[in-house]
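# Structure assessment
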Amino acid sequence: MSVDAVLSRIAEIRTQIDALHAPTTDRTNGSTTGSTTGSTASTEASTGAFADALATASAPGGASAAATAAGTAPATAAPATSVDAGRGTLATGSGATGSDVVAAAKKYLGVPYVFGGESRSGMDCSGLVQTVFKDLGVTMPRVVPDQADMGVPVGSLAEAKPGDLIIPKGEQHIVIYVGDGKVLHAPRPGKDVRIVDNWYKDSDIATIRRIVPSEAAAPAAVPAASSATALQSATDLQTAALLSMMRSGSAA
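Of the regular secondary structure elements, the chain holds seven helices and 10 strands. The proportion of buried residues among the 252 residues of the chain is 37%. Put simply, 62% of the contacts in the chain that link residues at least 6 apart link residues at least 24 apart. Of the accessible surface of the chain, which amounts to about 13,600 Å², a share of 55% is contributed by carbon and sulfur atoms.

Okay, here's the thing in structure tokens:
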């Protein structure tokens, strides 16, 4: 593709970008407003078209070489998040939060205590915990000492959030904190899964563990006009890089 052809194609793309900023008429009241967000389809089409032109005209190395010349790094895939509980980390892969843990645990209220059990026909304290997290797509170990190593530590009862796990000293029991000073657990033979007032003090506790985030992460706020502005800026940088590469190739 010649320089003139590339410049012509870039001019077409810029026309599409300018259309994103063009004022539009509100059909409901006839007023004219500035289009700040533009059309998603048009933006994606413009971006794709520029990438095609860049890939066709660039020297060996293609778009990656142009991105390097423009001072930008090629995009890399984001690391996968985990759905397995681990020590010192939150299991974020399932998208579950502490509130989800409490809601899932409440479905087992009334299930009788059965040592070694992990189903609706009967479960013990750690079987309840493992089953609740399994329902949310999070893999947890089976017994209390191993569960007590998972997630991140919480400093005190005052910092506990719904969904956190409380393990007393001796690690012979485990309960799920539901908030407002209450816990949910499978107590002992002859009892069933229930919610009761928390009877543990900080001095009684071996550890408090948070397995999943206490709440969903808030999405980052993006100004309405930023997408079109960012696309314009990226196009300027890539145009300069493309021309520089082609001129260098012509000189050679």
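Moving on: the layout of surface pockets. What the second largest pocket holds in volume is close to 170 Å³. Secondary-structure elements contributing two or more residues to the lining of the second largest pocket are helix 5 (125–135) and helix 6 (144–147).

What follows deals with unusual backbone geometry. One non-glycine residue, E171, lies in the positive phi region at around 50 degrees. Secondary-structure assignment places E171 in the loop between strand 6 (165–168) and strand 7 (175–179). Overall, E171 belongs to the partly exposed group, its relative accessible area being 27%. Notably, D180 is not glycine yet its phi reads approximately 55 degrees, a positive angle. Structurally, D180 is set in the loop between strand 7 and strand 8 (182–185). Taking the relative accessible area as the measure of exposure, D180 reaches 78% and is therefore exposed.

With 30 residues, the main nonpolar core has L128, F133, M140, L165 and I211 as its most contacted residues. Counting only elements with at least two residues in this core, the list comes to helix 4 (98–106), helix 5, strand 6 and strand 7. For this core, the element with the highest residue contribution is helix 5, accounting for five residues. Residues contacting L165, with those up to four places away along its chain left out, are V129, F133, M140, I174, V175, I176, T207, I208, R209 and I211. Counting residues in hydrophobic clusters, the runner-up holds 10 residues, among them I166, V175, V183 and Y200.

Let's shift gears to the pairing of strand 8. As paired elements, strand 7 and strand 8 share three bridges and run antiparallel to each other. From the neighbouring strand, I176 faces strand 8, where its bridge partner is L184. In this structure, the hairpin formed by strand 7 and strand 8 is closed by a connection of two residues, where D180 is found at a positive phi of approximately 55 degrees. Here strand 8 pairs with strand 9 (residues 194–197) via four bridges, running antiparallel. For L184, the partnering residue across the bridge sits in strand 9 and is I195.

Mapped onto the secondary structure, D124 falls in the loop between strand 4 (122–123) and helix 5. Among the polar contacts made by the side chain of D124, one reaches the main-chain amide nitrogen of G127 at a distance of 2.7 Å. Setting aside residues up to four positions removed in sequence, D124 forms contacts with Y113, V114, F115, G116, G117, R142 and A186.

Turning next to the pairing of strand 7. With five of its five residues buried, strand 7 lies for the most part within the structure. The pairing of strand 6 with strand 7 spans two bridges and is classified as antiparallel. The residue of strand 7 that forms the bridge with L165 is I176.

Attention now goes to the environment of A91. Here A91 lies in the loop between helix 3 (62–69) and helix 4. Using a relative accessible area of 1% as the deciding quantity, one classes A91 as buried. Along the backbone, A91 and G151 are 60 residues apart, and their C-alpha atoms lie at a distance of 7.4 Å. Ignoring anything within four residues of it in the chain, the contact list for A91 reads S82, V83, D84, A85, V138, I211, V212 and P213.

Calculation notes
Residues numbered from 1 in each chain as written. Predicted model: local features only at pLDDT ≥ 70, side-chain atom pairs only at ≥ 80, totals over all residues. Heavy atoms only, no water. Helix = DSSP H or I, 4+ residues; strand = E, 2+ residues; numbered from the N terminus. Buried < 20%, exposed > 50% of the residue type's maximum accessible area, 1.4 Å probe, protein only. Contact = heavy atoms within 4.5 Å. Areas by Shrake-Rupley, 256 points an atom, 1.4 Å probe, with all protein chains shown as cover. 1 Å grid on protein atoms, 1.4 Å probe; cavity = no way out; pocket = protein on both sides within 12 Å on 5 of 7 lines; lining within 4 Å. Points joined across faces, edges and corners; volume = space filled by probe spheres on them. Core = buried A, V, L, I, M, F, W, Y, C linked by side-chain atoms within 4.5 Å. Pairing = 2+ DSSP bridges. Polar contact = N/O pair within 3.5 Å; in protein donor to acceptor, adjacent residues only side chain to side chain.

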